[in-house]
Amino acid sequence: KANNTLKEIAEILMASRSVLLFTHINMDGDTLGSSVALCIALRKLGKQAHILIEDDVAAFLRFLDKGYCTYDNHIIENPDICLCIDCGDVDRFRERKEKFFEGKQKGCIDHHVTTEPFADFNFIDPTASATGEIIYELLKELPVEVDKDIASAIFAAITTDTGNFQYSNTTKRTHLIAAELWDYGVDYNEISVELYQNNRLEKLLLQTKILEQITVFAGGEAAICGVTQEMLEETEGRMEETEGMVETLRDISGIELAIFVKEVSREKCKVSMRSKKYINVAEISQKLNGGGHARAAGCTVMKSYEDTKQEMMRLAEEYLKG
Ligand code: 5GP
Ligand code: MN
Ligand code: MN
């Protein structure tokens, strides 16, 4: 399968009556912001549109959802279109996988390098900093007026996926889109306060605990740490409040590779990896059936917390040598 044009996708959407949007699990600002923006636009076009989710909306993202998200698989029966947003792997739908295939037509809009076109129609652009960039360009092909809520959701998608315009995925196009969003009334500061200046004290206590156990290895090139269920209990912190820790590790001077391990259960961990300049972490994560981008990738490991850490350190050292 190959990519479609955004014009073709706009035509497919216009010919439909009902669209169900699918976010990936461990929802982030991009998958949710992009879905919210498109959902508002589709409703303005008179379509029945909902975002089907299965995990909690993280507290810092809750301001984006004004009744677009639902856990109800029956919200639309046999949707005309099921659309995968910011993800190219239906395994990241878990409980919603069957529902996705119920769509009369299935589509995928994504920017991960590891995504291959798999749906009936696809638009995968790894040069986009965020799926939000693609959605913005798709909206230009639709007979809909962008409003402040749509623009704000797109801004949230872009700022979160670019580390607030810091990461190597940030381009001139990213800034140009952000600048255009200003004209729709987006308040950059208001959204940044919602996203970044809104932390609970328990989050800081949890992060302090995590930072106490950083291990630097591979001759100082790599760093690893993580969070266990016990640490969450002790601090009353939440798993979602470890978001950003892997970036903190990466930001240590001299560190190229940062690894963060989340203990999901006794025999299951979620791993996040980040690199700074030259390591392709998507390659490392693909060895464990994960995926992502060159500078940000992840995977799931069916091992205990300690074993996962050992395994990741071994893989990282092997990769750095090779
Ligand atoms: P994070 O570490 O923030 O969870 O994810 C970083 C990047 O890697 C994201 O772009 C995400 O889509 C990708 N990623 C994380 N975990 C997985 C996974 O288990 N499978 C795949 N295919 N991609 C993942
Ligand atoms: Mn994402
Ligand atoms: Mn994204």
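The following paragraphs examine the structure supplied in this document. Residue indices begin from 1 for each chain and proceed along its sequence in written order. All chains are assigned letters beginning with A, and all ligands numbers beginning with 1, in the order in which they are written. Under the rules for a predicted model, residues below a pLDDT of 70 receive no local features and side-chain atom pairs below 80 are neither given nor counted, while totals for whole chains, interfaces and linings still include all residues. To obtain the side-chain values, all non-hydrogen atoms of the structure were included, while hydrogens and water were left out.

1. So, the coordination of the manganese ion (ligand 3)
- The manganese ion (ligand 3) binds to the protein through Asp 30 (OD), Asp 86 (OD), His 111 (NE2) and Asp 161 (OD), with metal-donor distances spanning 2.1 to 2.3 Å.
- Any N, O or S atom lying within 2.8 Å of the metal counts as a donor, with the limit raised to 3.2 Å for Na, K and Ca; because water is left out of the atom set, some sites can appear incomplete. Between the manganese ion (ligand 3) and the manganese ion (ligand 2), both coordinated by Asp 86, there is a metal-metal distance of 3.5 Å. Of this pair, Asp 30 sits in helix H2 (residues 29-44) while Asp 86 sits in the loop between strand E4 (81-85) and helix H3 (97-101), and the two are 56 residues apart along the sequence. By the burial criterion, Asp 30 is buried, and Asp 86 matches it. Secondary structure elements are defined from DSSP: runs of H or I of at least 4 residues count as helices, runs of E of at least 2 residues count as strands, and each element is numbered from the N terminus. For every residue, the accessible area obtained with a 1.4 Å probe (protein chains only) is divided by the maximum for its type, and the residue is called buried under 20%, exposed over 50%, and partly exposed between those limits.

2. Things to note about the coordination of the manganese ion (ligand 2)
- With distances of 2.1 to 2.3 Å, the protein atoms coordinating the manganese ion (ligand 2) are His 24 (NE2), Asp 28 (OD) and Asp 86 (OD).
- Sequence spacing among the residues donating to the manganese ion (ligand 2) works out to H-x3-D-x57-D.
- The exposure class of Asp 86 is buried, given its relative accessible area of 1%.

3. A short note on the sheet that holds strand E1 (residues 18-22)
- A pair of strands is labelled paired if DSSP reports no fewer than 2 bridges between them. Spatial ordering of the open sheet is given by E3-E2-E1-E4-E5-E6, a layout of 6 strands whose pairing is parallel. Since the sheet does not close on itself, it has two edges, and those belong to strand E3 (69-70) and strand E6 (121-124), each with one partner.
- Alignment of E4 against strand E5 (residues 105-110), held across 5 bridges, turns out to be parallel. Along E5, the bridge assignment pairs Ile 81 with Gln 105.
- We call two residues in contact when some of their heavy atoms are within 4.5 Å. Orientation is described by lines fitted to C-alpha atoms, with helices fitted over the stretch in contact, and by angles between N-to-C directions that extend from 0 to 180 degrees. Relative to the sheet, helix H1 (residues 6-14) contacts E1, E4, E5 and E6, its axis offset from that of E6 by approximately 135°.
- The sheet contacts of helix H4 (residues 131-139) involve E4, E5 and E6, and relative to E5 the element is tilted by about 120°.

4. Brief notes about the site of ligand 1
- We call a residue near a molecule or strand when any one of its heavy atoms sits within 4 Å of it. For ligand 1, the set of nearby residues contains 14 residues, the closest of which are Arg 92, His 112, Lys 270, Ser 272 and Arg 274.
- Polar contact is the term for a pair of N or O atoms within 3.5 Å; when the atoms are in protein, one must be able to donate a hydrogen and the other to accept it, and sequence-neighboring residues count only if both atoms are side-chain atoms. Residue Lys 270 places a side-chain N or O atom 3.1 Å away from a nitrogen atom belonging to ligand 1.
- With respect to ligand 1, the side chain of Arg 274 contributes an N or O atom lying 2.8 Å from an oxygen atom.
- Here ligand 1 loses 84% of its free accessible area of 490 Å² to cover by the protein chains.
- Of all the elements in the fold, those that place two or more residues in the shell around ligand 1 are strand E10 (268-275), strand E11 (291-292) and strand E12 (296-301).
- With 4 residues, the top contributor of residues to the shell around ligand 1 is E12.
- Note on residue categories: nonpolar means Ala, Val, Leu, Ile, Met, Phe, Trp, Tyr, Cys or Pro, charged means Asp, Glu, Lys or Arg, and polar means any other residue, Gly included. Classifying every residue of the shell around ligand 1 by side-chain character gives 3 nonpolar, 7 polar and 4 charged. Accessible surface area values rest on a Shrake-Rupley calculation with a 1.4 Å probe, where residue burial reflects the displayed protein chains alone.

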